[in-house]
Amino acid sequence: NAGVTQTPKFQVLKTGQSMTLQCAQDMNHNSMYWYRQDPGMGLRLIYYSASEGTTDKGEVPNGYNVSRLNKREFSLRLESAAPSQTSVYFCASSPSPGTGLGNTIYFGEGSWLTVV
Amino acid sequence: TQLLEQSPQFLSIQEGENLTVYCNSSSVFSSLQWYRQEPGEGPVLLVTVVTGGEVKKLKRLTFQFGDARKDSSLHITAAQPGDTGLYLCAGALLYGGSQGNLIFGKGTKLSVKP
């Protein structure tokens, strides 16, 4: 019962380095999301993919890019990491977009990223 | 920017006490969800409410969606140490929101002491 799997779990980057956070779900969900969680700020949506082949910006997309590689995988790339991107990143998936009744959003366990 | 305001931000109580957490907004939501998050893990969905005035119960947890669909509350009866965690409300805007853009409150950190 893997659910949503994201890697790596922990990463330290130097300012200006690039990296990709990988996410895969095995629940045949159509929609996938990337959130960041910061103390006192709650969860904020970076990008989402309502269905395979589509991606859209969320609340805080600057400095990030995403790729919906296939139905299972949704990656998040930091092209030039900045200290402001130090955060905990969560990948999530759901059968369809939004929060309709029965549309449970499942989260991964998080990736802790520190940019120094 | 539409916001979901959660209160209180922190809550520390003794086992057996009752508590209520609030989630308020000036915006109308088509639906609202409550999640619980434990340290080192992702949020886990507790409930979804979609109808104004709706009340849902999950064991000792009671969730209510406001009549105008702008607010919600979570009431825990006889809290136990296992209820400790971060409680998050999240909503999909009825108007002006983009598909898939779920707005989260900042959370209420609950600590239940034995």
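These numbers were taken from a predicted model, which means no experiment stands behind them.

What counts and how
- Residues numbered from 1 in each chain as written.
- Chains lettered and ligands numbered in written order.
- Predicted model: local features only at pLDDT ≥ 70, side-chain atom pairs only at ≥ 80, totals over all residues.
- Heavy atoms only, no water.
- Helix = DSSP H or I, 4+ residues; strand = E, 2+ residues; numbered from the N terminus.
- Rg over C-alpha atoms; globule rule 2.2 N^0.38 Å.
- Buried < 20%, exposed > 50% of the residue type's maximum accessible area, 1.4 Å probe, protein only.
- Contact = heavy atoms within 4.5 Å.
- Areas by Shrake-Rupley, 256 points an atom, 1.4 Å probe, with all protein chains shown as cover.
- Lys, Arg positive; Asp, Glu negative; His and termini not counted.
- Charge placed at Lys NZ, Arg CZ, Asp CG, Glu CD.
- Pairing = 2+ DSSP bridges.
- Axes fitted to C-alpha atoms, helices over the stretch in contact; angles between N-to-C directions.
- Buried area = accessible area lost by both parts, 1.4 Å probe.
- Salt bridge = Lys/Arg side-chain N within 4 Å of Asp/Glu carboxyl O.
- Polar contact = N/O pair within 3.5 Å; in protein donor to acceptor, adjacent residues only side chain to side chain.
- Nonpolar A, V, L, I, M, F, W, Y, C, P; charged D, E, K, R; others polar.
- Disulfide = S-S within 2.5 Å.

S.K.: When you look at the overall build of chain B in this model, what are you seeing that I'm missing?
M.R.: Looking only at helices and strands, one finds 0 helices and 11 strands in chain B. Order of helices (α) and strands (β) in chain B, N terminus to C terminus: β-β-β-β-β-β-β-β-β-β-β. Relative to its length of 114 residues, chain B is compact, with a C-alpha radius of gyration of 14 Å against a globular reference of 13 Å. Summarising its shape, the C-alpha atoms of chain B cover approximately 45 × 30 × 20 Å along the three principal directions. The buried share of chain B, reckoned over its 114 residues, is 44%. Sequence-distant contacts, at least 24 apart, represent 55% of the contacts inside chain B between residues at least 6 apart. With the model as given, the accessible surface of chain B reaches about 5500 Å², and the carbon-plus-sulfur share is 49%. Averaging the positions of the 10 positive and the 9 negative side-chain charges in chain B gives two centres separated by 2 Å.

S.K.: Would you explain the sheet that holds strand β1 (residues 4-7) of chain A in this entry?
M.R.: Where strands meet in a sheet, backbone hydrogen bonds hold them as pairs that are either parallel or antiparallel. Residue and element names in this part refer to chain A. Reading across from one edge, β1-β3-β8-β7 is the order of the 4 strands in this open sheet, with antiparallel pairing throughout. A strand with exactly one partner marks an edge of an open sheet, and here the two such strands are β1 and β7 (64-68). Mean inter-strand twist for the sheet, computed between neighbouring axes without regard to direction, equals 15 degrees. With 3 bridges joining them, strand β3 (residues 19-25) and strand β8 (residues 74-78) adopt antiparallel strand pairing. From the neighbouring strand, M19 faces β8, where its bridge partner is L78.

S.K.: Sorry if this is basic, but what is going on with the interface of chain A and chain B here?
M.R.: It is common to give the size of an interface as the accessible area that goes away when the parts come together. Taken together, the contacts link 24 residues of chain A with 23 residues of chain B. For the chain A and chain B pair, buried surface summed over both sides reaches about 1800 Å², with 59% attributable to carbon and sulfur atoms. Taken together, the links from chain A to chain B amount to 0 salt bridges. Between chain A and chain B we count 1 residue pair in polar contact (both at pLDDT 80 or more) in total. Top contributing element to the side of chain A that touches chain B by residue count: strand β5 (residues 42-49) of chain A, with 4 residues. Here the residues of the side of chain A that touches chain B are counted per class, giving 13 nonpolar, 9 polar and 2 charged.

S.K.: Mind showing me how you'd approach the side chain of A:S75 here?
M.R.: Among the secondary structure elements, A:S75 is positioned in strand β8. The residues contacting A:S75, other than those within four sequence positions of it, are A:T20, A:L21, A:Q22, A:W34, A:N65, A:V66, A:S67 and A:L69.

S.K.: Teacher, can you tell me more about the pairing of strand β11 (residues 108-113) of chain B here?
M.R.: Taken residue by residue, a regular strand's side chains alternate between the two faces of the sheet. All names here are of chain B. Burial along β11 is one-sided: the residues T108, L110 and V112 are buried and none of K109, S111 and K113 is. Pairing of strand β2 (residues 10-14) with β11 involves 5 bridges; the strand directions are parallel. When the bridges of β11 are listed, L11 appears paired with L110.

S.K.: Would you explain the state of the cysteines in this entry?
M.R.: In protein structure, a disulfide is the covalent linkage between the sulfur atoms of two cysteines. Residues and elements named next belong to chain B. Within the structure shown, the criterion is met by 2 disulfides over all chains. The disulfide that involves C23 links it to C89, with 2.0 Å between the sulfurs. Because the sign of the S-S torsion sets the handedness, a value of about 75 degrees for the bond joining C23 and C89 places this disulfide among the right-handed ones. On the criterion of sequence distance, the pair formed by C23 in strand β3 (residues 19-24) and C89 in strand β9 (residues 85-93) is long-range, its members being 66 residues apart. C89 shares its class with C23; the two are buried.

Don't take any of this as a statement about function, it's just geometry.
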